[in-house]
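So you can see what is in the structure, the chains are spelled out below.
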Amino acid sequence: MGSEENDVKLRILQAAKKLFAQQGFNATTVRQICEEAGANVSLVSYYFGGKDKVFEALFKEYFSHDILNGDELSRMDAVSGLKLLIREITAYRQREPEIVSILQQEIIMQSPRMDKIQELTLPIWALLRDWLKLGREQGVFHFRSLDHTFISVLGSILFHNKTFYFKQLLDNNEEDPNWFLEDLTRFIFQAIGYEEQG
């Protein structure tokens, strides 16, 4: 594949990512994507096979698969595993806010594209649940319901972002990403009843 072809495909994906995040999948037209990308409208069909396939290609291109790679995950203890997940997902949210916004919209709408998203995300969420369960079995995490705790921790990690809806209630002086990660990690570990040893 030539570099010009790659360039056009990438421009289409970047335009779709921006528009899907801003106005949602359903409200975005192929024409708008192509205008944003500076590409001929027929190229979406030619390269991708339609808007739905652009959506799939977006998640293949921009969704982070690195978090599940490596055998060290299977040897990791619950505390280290949970800290790793919080750190990696937070870093990904900061790196790809538009993809996270699309993901949040699709989950809230229970869209017909959920199957494709679940293929990518469920292994990560399963890992989160497994580490919570393991930590409770080992007596390092203390909570009553695995399901409620899993959903609460997942919500804290995935849906915590300063949207315009809450802007008037928030302090703008807490934007430091390092503080954010530290505070989020501390909040989650306190919520699941973990006490630092030593």
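The structure this text deals with has already been given above.
Attention here is on the structure that accompanies the text. (Residues numbered from 1 in each chain as written. Predicted model: local features only at pLDDT ≥ 70, side-chain atom pairs only at ≥ 80, totals over all residues. Heavy atoms only, no water.)

**Details of the overall build of the protein**
- Each helix and strand counted, the protein has 10 helices and 0 strands in total.
- Mapped in sequence order, the helices and strands of the protein form the string α-α-α-α-α-α-α-α-α-α.
- Looking at the 198 residues of the protein, the share that counts as buried comes to 41%.
- Nonlocal contacts in the protein, meaning residues at least 24 apart in sequence, comprise 71% of its contacts between residues at least 6 apart.
- Of the accessible surface of the protein, which amounts to about 12,000 Å², a share of 50% is contributed by carbon and sulfur atoms. (Helix = DSSP H or I, 4+ residues; strand = E, 2+ residues; numbered from the N terminus. Buried < 20%, exposed > 50% of the residue type's maximum accessible area, 1.4 Å probe, protein only. Contact = heavy atoms within 4.5 Å. Areas by Shrake-Rupley, 256 points an atom, 1.4 Å probe, with all protein chains shown as cover.)

**Brief notes about helix α6 (residues 78-95)**
- If you check α6, its first and last C-alpha atoms are 25 Å apart, about what 18 residues at 1.5 Å a residue would give, namely 26 Å.
- Of the positions making up α6, those classed as buried are A78, V79, G81, L82, L84, L85, I86, I89, T90, Y92 and R93.
- The opening residue of α6, the one whose side-chain oxygen lies 3.1 Å from the backbone nitrogen of V79, is D77. (Expected span 1.5 Å × (residues − 1). Polar contact = N/O pair within 3.5 Å; in protein donor to acceptor, adjacent residues only side chain to side chain.)

**Considerations on the side chain of S111**
- Here S111 is to be found in the loop between α7 (97-109) and α8 (114-137).
- Among the residues examined, S111 registers a relative accessible area of 5% and is labelled buried.
- Separated by 3.0 Å, the side chain of S111 and the backbone nitrogen of R113 make a polar contact.

**Things to note about the pattern of salt bridges**
- Applying the stated criterion across every chain yields a total of 10 salt bridges.
- In this structure, E56 engages K53 in a salt bridge whose closest nitrogen and oxygen atoms are separated by 3.8 Å. Placement of both E56 and K53 in helix α4 (residues 51-62) is noted, with a separation of 3 residues, approximately one turn of the helix.
- Judged by relative accessible area, E56 falls into the buried class, the value being 17%.
- Among the salt bridges present, the one from R113 reaches E106, with a minimum N-O distance of 2.9 Å. As far as burial versus exposure is concerned, R113 and E106 are alike and both buried.
- A single network of salt bridges, built from pairs that share partners, joins E182, D183 and R186. (Salt bridge = Lys/Arg side-chain N within 4 Å of Asp/Glu carboxyl O.)

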